[in-house]
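What follows is the residue order along each chain.
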Amino acid sequence: MALEANYCRVRLDADPGATLLCTRRSRLAHGGQQVCVGDWVQVDGIDWGQSRGAVAAIEPRRSLLRRPPLANADRVVVMVALARPAPEADALSRFLLAAEATGLEVLVLLSKGDLVPPEGLALWQERLQGWGYGALGLSHHDPSSIAAVAERLGQGVSVLCGPSGVGKSSLLNALIPGLALRTAAVSGRLERGRHTTRHVELHDLGAAALLADTPGFNRPELPSDPHHWPLLFPEIRRQLQAGATCRFRDCRHDNEPGCAIERGWDRYGQYRDGLAVLSPPGPDRGGSGRR
Ligand SMILES: Nc1nc2c(ncn2[C@@H]2O[C@H](COP(=O)(O)OP(=O)(O)OP(=O)(O)O)[C@@H](O)[C@H]2O)c(=O)[nH]1
Ligand SMILES: [Mg+2]
Ligand SMILES: [Zn+2]
């Protein structure tokens, strides 16, 4: 399923090479349902001669990403460039938190490896390791790095997200010979991208995989559910999994007595800042929720 102006391009389950250009039945909108790229849909009123039809129903979704909008993804791939534009820790972290909020597998790609010395890549890989992510470095001048990415994305539906200009469309072009998506050089003193890609679009990556190119954006919103906030941080998850047990069951891992979460990690400041915004400490906190 892809969206084109007022139409959806629907790929046929029985014949993946064929597509139908479909309108949307108004009862979908009346039922509050928005068709999304990646949706499985039922089509009726098919005119095989004209390859036209109408989307009548949307199948239940396995997952839904709101920004960039994509249904039924299995994996979120966050891409940032090592240079042009230079990585910004805060923005990268926000992309990762938004990715974690989907509950899907998260993969980090560090692009434009050819623009920095090997230590530049190693430094970010080490930092991301501390955040809980093994990051793959890549460069479109290095076919072996592209092959490694192809291998990681070889199964299921992946969605590529990240700031504008980091090379998302360039990666798709490198992965899929003949694709020729539009790309554009970064511009300005800050070497920002030019928002070249305007739509979310799924592309075939071999027989068992799809990869969605998406428009870049620079600063994702923080996820809004305060209860899940701690679990969006692998740094906290791994301490809890290793058996850390706080005195209070609803511990915010802030200043509570008996908190078992160690605080000496890189993103702890961002964790606390987010906590202060999402769920300011209430006056009635205290002994309730004691184990
Ligand atoms: N040196 C170098 N440049 C790259 C690499 N990958 C992409 N670029 C360049 O980076 C610029 C931006 O690439 P795009 O693929 O358009 O970036 P994008 O992430 O799709 O950007 P938006 O569509 O705006 O979100 C282009 O000039 C690419 O040629 C790389 O591995 N090395
Ligand atoms: Mg692009
Ligand atoms: Zn705690």
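Residues numbered from 1 in each chain as written. Chains lettered and ligands numbered in written order. Predicted model: local features only at pLDDT ≥ 70, side-chain atom pairs only at ≥ 80, totals over all residues. Heavy atoms only, no water.

### Comments concerning the overall build of the protein
Worth spelling out the cut-off: A run of H or I in DSSP counts as a helix once it spans at least four residues, and a run of E counts as a strand once it spans at least two, with each numbered from the N terminus. Partly exposed describes any residue whose relative accessible area lies between the buried limit of under 20% and the exposed limit of over 50%, with all areas from a 1.4 Å probe on protein chains only and scaled to the type maximum. Here, Shrake-Rupley sampling with a 1.4 Å probe gives the accessible areas, and only protein chains in the shown set may cover a residue. The positive count covers Lys and Arg only, the negative count covers Asp and Glu only, and His and the chain ends enter neither. Every charge is mapped onto a representative atom, which is NZ of Lys, CZ of Arg, CG of Asp or CD of Glu.
Counting secondary structure elements, the protein contains seven helices and 13 strands. Taking the principal axes of its C-alpha atoms as reference, the protein extends roughly 70 × 50 × 35 Å. Across the 291 residues in the protein, those meeting the buried criterion constitute 44%. Of the accessible surface of the protein, which amounts to about 15200 Å², a share of 50% is contributed by carbon and sulfur atoms. Charge centroids of the protein, computed over 34 positive and 31 negative side chains, lie 5 Å from each other.

### Comments concerning the site of ligand 1
Note the threshold: Residues are classed as near a molecule or strand on a simple rule: at least one heavy atom within 4 Å of it. Here a polar contact means two N or O atoms within 3.5 Å. Within protein one must be a hydrogen donor candidate and the other an acceptor candidate, and residues neighboring in sequence count only if both atoms are side-chain atoms. Under the scheme applied here, ten amino acids are nonpolar (Ala, Val, Leu, Ile, Met, Phe, Trp, Tyr, Cys and Pro), four are charged (Asp, Glu, Lys and Arg), and all others, including Gly, are polar.
Every one of the 21 residues lining ligand 1 counts as a neighbour, but Asp114, His140, Ser164, Lys168 and Ser170 are closest to it. Between Gly165 and ligand 1, the recorded distance is 2.9 Å, taken from a backbone N or O atom to an oxygen atom. In this structure, an oxygen atom belonging to ligand 1 sits 2.8 Å away from a side-chain N or O atom of Thr197. Within the complex, the protein chains bury 88% of what would otherwise be the 660 Å² of accessible surface of ligand 1. For the shell around ligand 1, a count of residues per class yields six nonpolar, twelve polar and three charged.

### Observations regarding the nonpolar core
Quick note on the threshold: Only buried residues count toward a nonpolar core, which is a set of Ala, Val, Leu, Ile, Met, Phe, Trp, Tyr and Cys residues joined through side-chain atoms within 4.5 Å. A contact between two residues is defined here by any heavy atoms of the two lying within 4.5 Å.
Ranked by size, the top nonpolar core spans 30 residues in total, and within it Leu70, Val76, Leu92, Leu96 and Leu128 carry the most contacts. Counting residues per element, this core draws most heavily on helix α2 (residues 89–101), at four residues. Once you skip the residues sitting within four places of it in the chain, Val76 turns out to touch Leu65, Ala99, Thr102, Leu104, Glu105, Val106, Leu107, Val159 and Cys161. Counting residues in each nonpolar core, the second largest holds 19 residues, with Leu171, Leu181, Leu205 and Leu211 among its members.

### Focus: the coordination of the magnesium ion (ligand 2)
Stated formally: Each metal's donors comprise the N, O and S atoms found within 2.8 Å of it (within 3.2 Å for Na, K or Ca). Water is not part of the atom list, so some coordination spheres may appear incomplete.
Surrounding the magnesium ion (ligand 2) are the protein donor atoms Ser169 (OG) and Thr197 (OG1), which sit 2.0 to 2.1 Å from the metal. Note that Ser169 is positioned in helix α5 (residues 168–175) and Thr197 in the loop between α5 and β12 (201–204), a separation of 28 residues in sequence. Each member of the pair, Ser169 as well as Thr197, carries the same accessibility label: buried.

### Let's talk about the sheet that holds β12
Note the following rule: Any two strands with at least two DSSP-identified bridges between them are counted as paired. To obtain an axis, a line is fitted to C-alpha atoms, over the contacting stretch when the element is a helix, and the angle between two such axes runs from 0 to 180 degrees between their N-to-C directions.
The sheet built from six strands is open, its strands ordered β10-β9-β8-β11-β13-β12 with mixed pairing. Because the sheet does not close on itself, it has two edges, and the strands there are β10 (135–137) and β12. Strand after strand, the sheet turns through a mean of 25° between neighbouring axes, direction not considered. Here four bridges tie β12 to strand β13 (residues 209–213), and the two strands are oriented antiparallel to one another. Of the residues in β13, the one forming a bridge with His203 is Leu211. Its contacts with the sheet put α2 on β8 (75–81), β9 (105–111) and β11 (156–161), and the angle it makes with β8 is roughly 175°.

### Remarks on the side chain of Arg94
Of note, Arg94 is situated in helix α2. Once you skip the residues sitting within four places of it in the chain, Arg94 turns out to touch Arg219, Pro220, Glu221, Leu222 and Gln270.

### A closer look at the domain arrangement of the protein
The condition is simple: Segmentation into domains, and thus their bounds, comes from an automatic or database assignment.
Each domain of the protein was delimited in the assignment, giving domain 1 (2–60), domain 2 (65–213) and domain 3 (229–278). Summarising the inter-unit geometry, the C-alpha centres of domain 1 and domain 3 are found 44 Å apart.

### Examining the coordination of the zinc ion (ligand 3)
The line we're drawing: A four-donor site is classed as tetrahedral when every donor-metal-donor angle falls between 85 and 135 degrees; four donors are called square planar, and six octahedral, when trans pairs exceed 155 degrees and all remaining angles lie between 65 and 115, with any other arrangement labelled irregular.
Protein coordination of the zinc ion (ligand 3) is provided by Cys246 (SG), Cys251 (SG), His253 (ND1) and Cys259 (SG), with donor distances spanning 2.1 to 2.4 Å. Taken together, the four donor atoms coordinating the zinc ion (ligand 3) and their angles of 101 to 114° define a geometry best described as tetrahedral. One chain supplies every donor for the zinc ion (ligand 3), spaced along it as C-x4-C-x1-H-x5-C. Residues Cys246 and Cys251 agree in their burial class; the two are buried.

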